[in-house]
Amino acid sequence: MEQNSHELNKKTKITRVVTGFVISIVALACFLAGGVALFFFLMVTLFLATREYVHILRNKGFHPSLSLICATSFVFGLLIFFRRFDLVPCVLAFAIMASFLVVLFMGRQPYIANVATTSLGFMYGGWLPCHILLLRQMGSNHVNFFVPGLNDGLYYLLYTFLIVVATDIGAYYFGSKFGKRQLSKVISPKKTIEGAIGGGLFAIFIAAFGVFYTNLTLLEAVVGGFLITLFAQLGDLSESLIKRDAGVKDSSNILPGHGGLLDRTDSYVFALPVAYYYLSCFTGGNNIILDLFQSVYNGYFG
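(A) Up close: the overall build of the protein chain. Scanning the protein chain for helices and strands turns up 11 helices and two strands. In the protein chain, the order of α-helices and β-strands from amino to carboxyl end is α-α-α-α-α-α-α-β-β-α-α-α-α. Taking the principal axes of its C-alpha atoms as reference, the protein chain extends roughly 75 × 55 × 40 Å. Residues classed as buried in the protein chain amount to 44% of the 302 residues present. Pairs at least 24 residues apart make up 71% of the contacts formed inside the protein chain by residues separated by at least 6 positions. Accessible surface, the protein chain as shown: approximately 16,600 Å² in total, 70% of it carbon and sulfur. With 21 positive and 15 negative side-chain charges, the protein chain shows a spacing of 7 Å between the two charge centroids.

Below, the structure is given as structure tokens:
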């Protein structure tokens, strides 16, 4: 029995590594290609992840609208792709109203919970992940359809990707070797404080190498690493919170050895927006907080 269990664990680890490798290669190819390739990669990922999200909440007795979440996420992606950021508030406003209307016509209880989980769906599962397009477009002033764009955005995206991967690897290694104290007993009992700290430190170490392939200073790279790894782990815990509340262990079994797509991408949901706003607003001589104070000062005393 012990030998069979050992062989099963070995096969599971091999399957996990192979699946992770294949996903990483596909993702990196789409990162490099940018444009349409990255857009469709994102849309397919969002559709599959949204199905898992809806399935999880149905276990809780909620009935968010899969079609509205997917449609709104698709429109968010199109607006970002074609750089029509001015239309985002308009789409958001009508999507929230549509959440109420869909529930009214579906006529399924619980009404308010269905409205709330639908709205959460296109924000959490649509708008936040769409920041991958914003991140990839950094340093480019035109819509990139097919030609690979070797701009700042590519290197920033790789920088973010490597930090999140380093967080996962570091947390797994340090957690399995030194983990004793639970990080969150109720939400995710297998995660440990030691694993979280180890993952964070390893991610910051990897982030420091960003000075060699981005225009970040060492301080900017390290601070970015700290923020991205912190929110990557918070994103992981947030998805665990949804599953725990619904009484679900894995979001699905679509990825051999990894569970569901949400389980594999939950860290990026928070990490991508944090990376984008940090890199665009607080690096390269930019600081929106100082600019805000300067604007206020000039308004009163200028």
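(B) Region of the structure containing the packing of helix H2 (residues 35–59) against helix H10 (residues 261–281). Across the interface, H2 lies against H10 with an axial gap of 9 Å and an inter-helix angle of 110°. In this view, H2 runs roughly perpendicular relative to H10, as classed from their interaxial angle. Of H10, the residues touching H2 (which contributes Thr 45, Leu 48, Ala 49, Glu 52, Tyr 53 and Ile 56) are Leu 261, Leu 262 and Thr 265. Looking at the contact of H2 with H10, its residues break down into six nonpolar, two polar and one charged.

(C) Main features of the pairing of strand S2 (residues 188–192). Strand direction decides the pairing type here: strand S1 (residues 182–184) and S2, joined by two bridges, are antiparallel. Pairing of Ser 184 across the sheet is with Ser 188, part of S2. Connecting the antiparallel pair S1 and S2 is a turn made up of three residues.

(D) Representation of the nonpolar core. Of all hydrophobic cores here, the largest spans 59 residues; its most connected members are Phe 31, Ile 132, Leu 135, Tyr 159 and Leu 279. For this core, the element with the highest residue contribution is H2, accounting for 11 residues. With residues near it in sequence (within four places) discarded, Leu 279 still touches Leu 135, Met 138, Tyr 156, Tyr 159 and Leu 216.

(E) Fine view of the side chain of Thr 192. The residue Thr 192 is located in strand S2 in this model. A relative accessible area of 12% means that Thr 192 is categorised as buried. For Thr 192, the side chain forms a polar contact with the main-chain nitrogen of Gly 195, separated by 3.0 Å.

Reading guide: rules and limits
Residues numbered from 1 in each chain as written. Predicted model: local features only at pLDDT ≥ 70, side-chain atom pairs only at ≥ 80, totals over all residues. Heavy atoms only, no water. Helix = DSSP H or I, 4+ residues; strand = E, 2+ residues; numbered from the N terminus. Buried < 20%, exposed > 50% of the residue type's maximum accessible area, 1.4 Å probe, protein only. Contact = heavy atoms within 4.5 Å. Areas by Shrake-Rupley, 256 points an atom, 1.4 Å probe, with all protein chains shown as cover. Lys, Arg positive; Asp, Glu negative; His and termini not counted. Charge placed at Lys NZ, Arg CZ, Asp CG, Glu CD. Axes fitted to C-alpha atoms, helices over the stretch in contact; angles between N-to-C directions. Parallel < 35°, antiparallel > 145°, perpendicular 65-115°, else oblique. Nonpolar A, V, L, I, M, F, W, Y, C, P; charged D, E, K, R; others polar. Pairing = 2+ DSSP bridges. Core = buried A, V, L, I, M, F, W, Y, C linked by side-chain atoms within 4.5 Å. Polar contact = N/O pair within 3.5 Å; in protein donor to acceptor, adjacent residues only side chain to side chain.

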